[in-house]
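Each chain, written out:
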Amino acid sequence: MKHFQCWLGVIGMGTVLSLAVNSQPVQAQVAYGSYVGIAPTVGLTNGNQLGGVLAFRYKLLEKPISFRAQALIGKGTAIVPTVSYDIPLNWQTDAYLGAGLVLTSGDTASPVGNKVSFALQPGIDYVIPKSNTVIFGNAIIAFDAYRNSGGTAVSLQGGVGLRF
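Let me begin by describing the structure that accompanies this report. (Residues numbered from 1 in each chain as written. Predicted model: local features only at pLDDT ≥ 70, side-chain atom pairs only at ≥ 80, totals over all residues. Heavy atoms only, no water.)

**Thoughts on the overall build of the protein**
Our working definition: Starting at the N terminus, helices and strands are each numbered in turn, a helix being any DSSP run of H or I of at least four residues and a strand any DSSP run of E of at least two. Accessibility here uses a 1.4 Å probe with only protein chains present; expressed as a share of the type maximum, an area under 20% marks a residue as buried, one over 50% as exposed, and anything in between as partly exposed. Areas reported here follow the Shrake-Rupley algorithm with a probe of radius 1.4 Å; residue values treat only the protein chains shown as occluding.
Each helix and strand in the protein was counted, giving one helix and eight strands. Along the protein, from the amino end to the carboxyl end, the secondary structure elements read α-β-β-β-β-β-β-β-β. A total of 164 residues make up the protein; the buried ones form 35% of that total. Total accessible area on the protein stands at roughly 9,500 Å², and carbon and sulfur atoms take up 68% of it.

**Considering the pattern of salt bridges**
Here the idea is simple: oppositely charged side chains can pair when their charged atoms come close. Going by this rule: Note on definitions: salt bridges are taken to be side-chain nitrogens of Lys or Arg within 4 Å of carboxyl oxygens of Asp or Glu.
Tallied over the full model, the rule gives seven salt bridges. R68 is the partner of D125 in a salt bridge, and the nearest nitrogen-oxygen pair spans 3.1 Å. On the criterion of sequence distance, the pair formed by D125 in strand β6 (residues 117-127) and R68 in strand β3 (residues 65-73) is long-range, its members being 57 residues apart. A single network of salt bridges, built from pairs that share partners, joins R57, R68, D86, D94 and D125.

**A short note on the pairing of strand β5 (residues 93-105)**
Using the following cut-off: Should DSSP find at least two bridges between two strands, the strands are taken to pair.
The sheet contact formed by strand β4 (residues 77-88) and β5 spans 10 bridges and is antiparallel. Note that in β5 the partner of S84 across the bridge is G98. Sheet topology places β5 next to β6; 10 bridges connect them, and they run antiparallel. Bridge assignment links A99 to a residue of β6, and that residue is L120.

**Some words on the pairing of strand β8 (residues 153-163)**
If a strand is regular, its side chains alternate between the two faces of the sheet. In the sheet, strand β1 (residues 35-43) pairs with β8 via seven bridges, with the strands oriented antiparallel. Counted as the bridge partner of G37 is G161 from β8.

**As for the packing of aromatic side chains**
Rules: The aromatic pairing rule takes the rings of Phe, Tyr and Trp, using the six-membered ring of Trp, and pairs them if the centres are within 6.5 Å, calling planes under 30 degrees apart stacked, those over 60 edge-to-face and the rest tilted.
Summed over all chains, the structure comprises three aromatic pairs. Ring centres 5.6 Å apart and planes at 25° place the aromatic pair Y35 and F136 in the stacked group. Note that Y35 is positioned in strand β1 and F136 in strand β7 (residues 133-143), a separation of 101 residues in sequence. In this structure, Y35 and F136 share a single accessibility class: buried.

**Examining the nonpolar core**
One broad rule of soluble globular proteins: the nonpolar side chains tend to lie buried together. This is how it is decided: Definition of nonpolar core: a set of buried residues of the types Ala, Val, Leu, Ile, Met, Phe, Trp, Tyr and Cys, connected through side-chain atoms within 4.5 Å. Should any heavy atoms of two residues lie within 4.5 Å, those residues are counted as being in contact.
Within the largest apolar cluster, 19 residues are counted, with the highest numbers of intra-cluster contacts made by L72, V80, V102, V112, I140 and A142. For this core, the secondary structure elements donating two or more residues are β1, β2 (49-59), β4, β6 and β7. Per-element accounting of this core gives the leading share, four residues, to β7. Apart from residues no more than four positions distant in its own chain, V80 is found in contact with R68, A69, Q70, L72, L101, V102, V112, A119 and I140.

**Observations concerning the environment of R163**
Defined as follows: N or O atoms closer than or at 3.5 Å make up a polar contact, with two conditions inside protein: a donor-capable atom paired with an acceptor-capable one, and, for residues adjacent in sequence, both atoms drawn from side chains.
The topology assignment puts R163 in strand β8. Take R163: its relative accessible area is 24%, and that puts it in the partly exposed class. Along the backbone, R163 and F56 are 107 residues apart, and their C-alpha atoms lie at a distance of 9.9 Å. Of note is the side chain of R163, whose polar atom sits 3.2 Å from the backbone oxygen of S131.

**So, unusual backbone geometry**
One non-glycine residue, E62, lies in positive phi territory at about 65°. Accessibility expressed as a relative area gives 70% for E62, which makes it exposed. Positive phi outside glycine occurs at D144, with the angle close to 55°.

**Regarding the sheet that holds β1**
Heads up, the rule is: Between the N-to-C directions of two axes lies an angle of 0 to 180 degrees, each axis being a line fitted to C-alpha atoms and, for a helix, fitted only over the stretch in contact.
Strand order in the closed barrel made by the eight strands is β1-β2-β3-β4-β5-β6-β7-β8, with antiparallel pairing throughout. Each strand of the sheet is rotated relative to its neighbour by a mean of 25°, with strand direction disregarded. Bridge count between β7 and β8: 10 bridges; the pairing is antiparallel. What sits directly across from V134, in β8, is G161.

Here you go:
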């Protein structure tokens, strides 16, 4: 019986030692959850235009990539689809940088211009703990965004979303 207890002790010590040697530090994971949200938008160029936004994020599981789209409605309208690289800051918060297009309709300038253009979208998502609520904020920087003058358009959005 003593030999049996001794072997159990050796096996137990080996397991603990193996776990200690093979363990890796815990890292924050990208916040899971796709969402749909609403927000106000402020176009900072071309007369500080105010409007509304319908935002959508589809999160790829186990990858730090999301597909995003925002519909900006002001004097004019625009849809901005982007693909983003998500950077986890902690268990509830992701910073991200997206790249995509601004798709506009009509001649009236939206908060991000009136011409199809390339856009960058830096932002942040925060999931309220123990809920399906997301608080988000981002900027859209559209390059060569105006038909008559070129120029860069910048808008800011911030709102609330529901995860699904």
